[in-house]
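Next come the chains, spelled out residue by residue.
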Amino acid sequence: MGVFVSKGGTGTLFQLLNIATKELPSSEELMLQVHALLAKVGPKDRKFGVKARLSGALNVTMTFIKQNLQNPKVLLPCLQVLRVYCTNSVNAVSLGKNGAVELLFKIVAPYSKKISSLPKVALDALGSVLKSKTNARRAVDGGFVLVLLSLYVDWHRNDTRHRHMLIRKGLLVCLRNVINIKLGRKAFLDADGMKILYNTSTECLPVRTLDPLVNTSSLIMRKCFPKNRLPLPTIRSSFNYQLPHVPAAGPVAQLYSLSPGVDDVVDESDDNDETEADTDTENEENEKDDGNTNDDIETDLNKLHPQRKLTGSFEELRFYERFFLELSGDLHSSSSSSACAGPIIVPTAQPPQHVSPPPAPLTALDLDSIHLTEDQNQGSSEGLDQDLGRVSLEEGGASIRHILGEICARRGGGGASTWGSDCGSEGAEDEPGEGAVLEVPDTALLLPLHDPDLYVEMVKGTKSVPQYAEVAYPDYFGHVAPTFREPLLERVYGVQRSKIFQDIERLIHPNDIVDKVVYDLDVPTCPVIENNGESLRFNSQFESGNLRKAVQVRKHEYDLILNSDINTNHYHQWFYFEVSNMRVGTLYRFNIINCEKSNSQSNYGMQVLMYSVQEAIRGRPCWVRTGSDICYYKNHFARSSLSTGGVKGKSYFTLTFSASFSHKDDVCYFAYHYPYTYSTLKMHLRKLEALRTPQIYLRQDVLCETLGGNVCPLITITAMPGSSSTDNIYQLRNRPLIFLSARVHPGETNASWVMKGTMEFLMGSSLLAVSLREAFIFKIVPMLNPDGVINGNHRCSLSGEDLNRQWQSPHPELHPTIYHTKNLLQYLAHIQRAPLVFCDYHGHSRKKNVFMYGCSLKETVWQSNISASSTELQEDLGYRTLPKILSQIAPAFSLSSCSFVVERSKESTARVVVWREMGVQRSYTMESTLCGCDQGKYKSLQIGTRELEEMGAQFCVALLRLKRITGLFNHQHLVDMETEIMGSHICTTTYVLEEDEPDFLEAVDYSAESNDDDIEPENEPGTDVPENTDQCNKDDSAEKSDDGEMNVKREAGQTE
């Protein structure tokens, strides 16, 4: 057939068709045969549509159909050709003007026992014609939406043996194309289409083979579901922080320029229904195969050659010499303890001032003691949830341990449960017993580096915008990694579809909806709303907490709304909140309804985390993975174009999960990932001092103050010299530097757990730790964004900006931690002591395993296909050595997920700037999954704090191996050795990455963008797709949602 087309066969057939029409009388048999051939040739000829239009074949075919409406034998090939004609949008519009829509509706008939293939072919042709929005409007004007619904109901009721699924599917496809326009959606709703499709779909659910009909019906209903407004006064954060300096341009500047009366929650018209431009465009001809290219890849060779670049004078940089006393060998002139220096003073021509004092400095809590207090909104009940809800920072309180003991003695119960048993089991221990005392476990025995009293002391010095006065119980008592494994949650077939149908029920049965606000941060005087005791109670007013509003929608179902990052109107992903007043054994559904990412690992086995106070008191103080019926999908709440970069018509996404509670009067906490607060960091740093020996040099400096007035610590760890001899001091001064940082994004709490593992390993007594300290000087900034962590942000600092996009030109006032960290590295580069390795710890929400992003000239050039000479591509392969070593020793690490391509959108990240401006070849971002692993020792398991801390320790071990390799050979031998380590075959690139997710029976659109935090083209996470059991299923596999392909698409998402 291809040869026939290439030799001009298509044109010959069109000529023959014109000749046949001119014959008097016309030869019906010839016309029939020509159309049959055209139906076969059309799909093989990319220019078929243009040829048909230019030859006049469109009118010929239409006339022939009109003359033979009662002749099925003739109609069949003509309709098949008509469908191919309409693959060209201009042809579809032309045929619509010629009456094709009305004509085809005459052919489509109600159910009949005498069924031929004609109705199916006619519906296929009609579906193709209705893809044109012009023709869709014509169908709406003609009242054909009601006709399609009536026909579908007729076929649904009469096709009891389900033999005609293709016809029923064809009717739904026609409906789907009509509702792509606003008028079509209105006509569908006016015709009671939501109720019709909901009822027919519900009847189809028990029959698995009818899933293609249910899926398409679901897509139509979701598309037509009226867009709702988020029940908020504004999408800006509930917390207000006035910046001392507002940027001249950008999202933050736009936010500050909005008039007070502007409604930023929803657009005046959120239905982005632009008039279709039906132009003479051959889509197939103009499409470019961009599948293997990425426009974001850097193609400027000048930018791909690292060039050391100083942003300030050396006299200014010399100010940072104070942080590198070990390079001068002077370890004793300043205390080797962690005595903190004052915040950095920025050298200027004017009198020195602190870098970033907030306009109205936040005051730390200056309190002497703490005690447990009852919530004033909780009534007089004596339940544990009222006695214990949280630690309150108020004066005049008794010892918390004493109060805990009294509570436990009063409530009674059995002895502490055996550690390691299933968390949350309900049993006799919940029943009160006379004289029984429940012993509160000693925190020090479970967590040597956690001290509740010290934690509270650290909290008192932490400054938050809301001025938190409470401490969440999990942060106070601590977390012990459970001993049992937590496998990835197996996805239940149909769970996402069932949740979507429950949402649709809200529109169909509005009287069943409670719609009661039970928690609202926008009512600061009383965020916990009074209720009759039947509703759950929520709270998020503690460090790192994030929950803005809770609305009870059904008896046991709640819609939850997250708070935006401060000084932004988006970034909703991190959550951490408290729940109480629950009923034992009741299954509650929680819907977080203002998520923004187009998909989540929640669709691939990731569960949320829950902490039970009752379990902690019983000796199991741990966060555990929990939740059933978890899925993530697009909802009907409209996003304002102010939060989407000006793009209208986008919607939020819902993360839904169900959970039950096993203890009466419990207080539980839910979190997106294992919380790790700023106060926790300060406590851990203080506890690390206890691990210091005379052989360990540990120093903690204050690098700077943040916008919120919190200090950013800088940690130095190395080995004390064996003596003050010249040789020992020389060896100390010439140790290579390793520079590590973490937590630039507050919501990536796993990065802090990895850093905790790194620091504890470095302070350990093992021979490996000793060797590491003797081999390197470690400079560590463990938390680059303290303010964001404290205030429950997900991505940004108080400046409202992603700090990992500010490394090119950080502002000393708005981005002090980045400004001074960069200057530290600039100073090292200037004195020819650039780090051997720079690594910024991150978390990744889209991918499994732990992996690295690095920088490579060659691999970037190979991906971009730009021309370059061999001399321009000279590059040391040393950047691959550390990831290769990690893949050999760290079970969670995946080398195949690593990428070393430099992208334009990442040019202001730490990794690229340190590589490009400081000349650090081994400059990395290390990404740790928030979900789990799909390879190695931890395959099919969700990741926990034990595995994350292990990863931090294994990173240290890999550095030691790297040192041994680099220390034994000269430069050329190093290259040879690294090549040998990596194997005989070096992969040219790992940029185009697959998620390696197995296809679920219900495929979920997994469209991770190249920039995990940026506004992305939303490909809707899917509707359930069954196994391909028949032709209808094959058609369904090509089904498209209202926003894109329903097929599973998996690309690498990066969260740098």
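It should be emphasised that the depicted structure is a prediction, and the values quoted were computed from it without experimental measurement.

Colleague: Would you mind going over the overall build of the protein in detail, with residue names and values included?
Modeller: Of regular secondary structure, the protein possesses 38 helices and 23 strands. Every one of the 1056 residues in the protein was classed for burial, and the buried ones make up 59%.

Colleague: Describe the sheet that holds strand β10 (residues 608–612), naming the residues involved and giving the relevant values.
Modeller: The strand order β5-β8-β14-β10-β11 describes an open sheet built from 5 strands, whose pairing is antiparallel. Looking at strand neighbours, the two that pair on one side only are β5 (537–539) and β11 (623–626), the edges of this open sheet. Taking the axes of each pair of neighbouring strands and ignoring which way they run, one obtains an average angle of 30° across the sheet. Pairing geometry for β10 and β11, over 4 bridges, is antiparallel. Following the sheet pairing, M610 is matched in β11 by V624.

Colleague: Let's hear about the pattern of salt bridges: which residues, and what values?
Modeller: Counting across every chain of the model gives 31 salt bridges. Where R880 meets E859, a salt bridge forms, and the shortest distance between an N and an O atom there is 2.9 Å. Linking R880 in the loop between α33 (857–864) and α34 (881–889) with E859 in helix α33, this pair joins segments that are 21 residues apart in sequence. Notably, a salt bridge pairs R911 with E1056, separated by 2.5 Å at the nearest N-O pair. Placement of the pair is R911 in helix α35 (residues 910–918) and E1056 in the segment after β23 (1044–1045), with a sequence separation of 145 residues. Accessibility classification places R911 together with E1056 in one group, the buried group. Because the salt bridges share partners, they merge into one network encompassing D503, E505, R506, R554, E557, D559 and R589.

Colleague: Please provide a residue-by-residue account of the packing of helix α27 (residues 678–688) against helix α29 (residues 749–762), values included.
Modeller: Remark: α27 packs on α29, axes separated minimally by 11 Å, with the N-to-C direction vectors making an angle of 10°. In terms of orientation, α27 and α29 fall into the roughly parallel class. Taking contact as the criterion, the partners of L681, H684, L685 and L688 in α27 are, on α29, K756, M759 and E760. Here the residues of the contact of α27 with α29 are counted per class, giving 4 nonpolar, 1 polar and 2 charged.

Colleague: Account for the sheet that holds strand β17 (residues 737–742), with residues named and values stated.
Modeller: Sheet architecture is open: 7 strands sit in the order β15-β16-β18-β17-β19-β21-β20, paired in mixed fashion. A single partner strand is all that each edge strand has here, and the edge strands are β15 (696–705) and β20 (850–853). If you compare each strand with its neighbour and ignore which way they point, the axes differ by 20° on average. One ladder, built from 9 bridges, connects β15 with strand β16 (residues 711–719); its direction is antiparallel. The residue of β16 that forms the bridge with R699 is T716. On the sheet, α29 packs against β16, β17, β18 (777–781), β19 (837–844) and β21 (922–929) and is oriented at approximately 140° with respect to β19. Relative to the sheet, helix α30 (residues 767–775) contacts β15, β16 and β18, its axis offset from that of β16 by approximately 100°.

Colleague: Got a sec to walk through unusual backbone geometry? Specific residues and values, please.
Modeller: Of note in the backbone geometry, D192 takes a positive phi value of approximately 60° without being a glycine. One non-glycine residue, Y571, lies in the positive phi region at around 70°. Looking at where Y571 falls in the secondary structure, it is placed in the loop between β7 (557–561) and β8 (576–580).

Colleague: Which residues make up the side chain of K120, and what values go with them?
Modeller: Structurally, K120 can be placed in helix α9 (residues 118–129). Polar side-chain contacts of K120 include one of 2.5 Å to the side chain of D124. Setting aside residues up to four positions removed in sequence, K120 forms contacts with L166 and I167.

Colleague: Please give an account of the UniProt feature "active site" (unreviewed entry) in the protein that cites residues and values.
Modeller: Per the UniProt record, the feature "active site" (unreviewed entry) sits at E927. On the secondary structure map, E927 appears in strand β21. For E927, a relative accessible area of 0% gives the class buried.

Colleague: Can you explain the environment of A52? Please cite residues and give values.
Modeller: Along the chain, A52 turns up in helix α4 (residues 48–55). For A52, a relative accessible area of 0% translates into the label buried. Those residues within four positions of A52 in sequence are excluded, and the remaining contacts are F14, A57, L58 and Y85.

Colleague: Can you break down helix α5 (residues 57–67) residue by residue, with the values?
Modeller: Along α5, the positions that sit buried rather than exposed are A57, L58, V60, T61, M62, F64 and I65. Among the structural elements, α2 (9–22), α3 (28–41), α4, α6 (72–85), α7 (89–97) and α8 (100–107) are those in contact with the buried residues of α5.

Colleague: Just give me the short version of the environment of S89, but keep the residues and values in it.
Modeller: One can find S89 in helix α7. As a C-alpha pair, S89 and G49 span 40 residues in sequence and 8.9 Å in three-dimensional space.

Colleague: Can you break down the packing of aromatic side chains residue by residue, with the values?
Modeller: With the rule as written, the count across this model stands at 38 aromatic pairs. Seen in terms of ring centroids, F577 and F670 are 5.8 Å apart; in terms of plane orientation they differ by 40°. Their pairing is tilted. One end of the pair, F577, is in strand β8; the other, F670, is in strand β14 (residues 667–671), and 93 residues separate them in sequence. With a centroid separation of 5.8 Å and an interplanar angle of 10°, the aromatic rings of Y632 and F653 are classed as stacked. Of this pair, Y632 sits in strand β12 (residues 628–638) while F653 sits in strand β13 (residues 651–659), and the two are 21 residues apart along the sequence. An aromatic cluster of at least three residues, connected via ring pairs, comprises F538, Y558, F575, F577, Y588, F590, F657, F661, F670 and Y672.

Colleague: Provide a residue-level description of the confidence of the model for the protein, including the pertinent values.
Modeller: Per-residue confidence for the protein gives a mean pLDDT of 80; residues scoring 70 or more make up 75%. Within the model, the stretch residues 334–341 combines pLDDT values under 50 with 22 contacts to residues more than four positions away or in other chains. Between residues 395–441, whose pLDDT stays under 50, and residues either more than four places distant or in other chains, the model counts 103 contacts.

Colleague: So, the packing of helix α23 (residues 452–460) against α27: which residues are in play, and what are the values?
Modeller: At a closest axis distance of 8 Å, the pairing of α23 and α27 adopts a crossing angle of 125°. As judged from the angle between their axes, α23 and α27 are oblique. Like other packed secondary-structure pairs, α23 and α27 cross with a definite hand, here right-handed. Within the contact between the two elements, α23 uses L454, Y455, E457, M458 and V459 and α27 uses S679, T680, K682, M683, R686 and K687. Of the residues that constitute the contact of α23 with α27, the class distribution is 5 nonpolar, 2 polar and 4 charged.

Colleague: Please give an account of the environment of G854 that cites residues and values.
Modeller: Structurally, the position occupied by G854 is in the loop between β20 and α33. Once residues lying within four places of it in the same chain are set aside, the contact partners of G854 are S899, F900, V901, R911, S923 and Y924.

Colleague: Run through the pairing of β21, naming residues and quoting values.
Modeller: The element β21 is largely enclosed, with a buried count of 8 among its 8 residues. Here β21 shows a buried face lined by R922, Y924, M926 and S928 and a second buried face lined by S923, T925, E927 and T929. Judged from the 8 bridges that link them, β19 and β21 form a sheet pairing that is parallel. The residue bridging F838 from the neighbouring strand is S923, located in β21. Bridge count between β20 and β21: 4 bridges; the pairing is antiparallel. Its bridge partner lying in β21, F851 is registered against E927.

Colleague: Got a sec to walk through α4? Specific residues and values, please.
Modeller: Buried within α4 we find F48, G49, A52 and R53. Seen along its axis, α4 keeps its buried residues to an arc of 130°; they face one direction. Against the buried residues of α4 lie α2, α3, α5, α6 and α7. Just downstream of α4, G56 is the residue with a positive phi angle, here 80°.

Colleague: Let's hear about the nonpolar core: which residues, and what values?
Modeller: Across soluble globular proteins, nonpolar side chains have a tendency to be buried as a group. F538, F590, F670 and F955 are the most contacted members of the largest nonpolar core, which has 133 residues in total. Residues V5, F14, A52 and A92 belong to the second largest nonpolar core, which totals 83 residues.

Colleague: Could you give an account of the side chain of S600, naming the residues involved and the relevant values?
Modeller: Tracing the backbone through its elements, the reader meets S600 in the loop between β9 (588–595) and β10. At 3.0 Å, the side chain of S600 and the backbone nitrogen of S602 are in polar contact.

Reading the values: rules and limits
Residues numbered from 1 in each chain as written. Predicted model: local features only at pLDDT ≥ 70, side-chain atom pairs only at ≥ 80, totals over all residues. Heavy atoms only, no water. Helix = DSSP H or I, 4+ residues; strand = E, 2+ residues; numbered from the N terminus. Buried < 20%, exposed > 50% of the residue type's maximum accessible area, 1.4 Å probe, protein only. Pairing = 2+ DSSP bridges. Axes fitted to C-alpha atoms, helices over the stretch in contact; angles between N-to-C directions. Salt bridge = Lys/Arg side-chain N within 4 Å of Asp/Glu carboxyl O. Parallel < 35°, antiparallel > 145°, perpendicular 65-115°, else oblique. Contact = heavy atoms within 4.5 Å. Nonpolar A, V, L, I, M, F, W, Y, C, P; charged D, E, K, R; others polar. Polar contact = N/O pair within 3.5 Å; in protein donor to acceptor, adjacent residues only side chain to side chain. UniProt positions renumbered as here; feature names shortened; annotations may be inferred. Phe/Tyr/Trp six-rings, centres within 6.5 Å; stacked < 30°, edge-to-face > 60°. pLDDT = per-residue confidence, 0-100. Left-handed = near helix turned anticlockwise from the far one by under 90°. Arc of directions from axis to C-beta. Core = buried A, V, L, I, M, F, W, Y, C linked by side-chain atoms within 4.5 Å.

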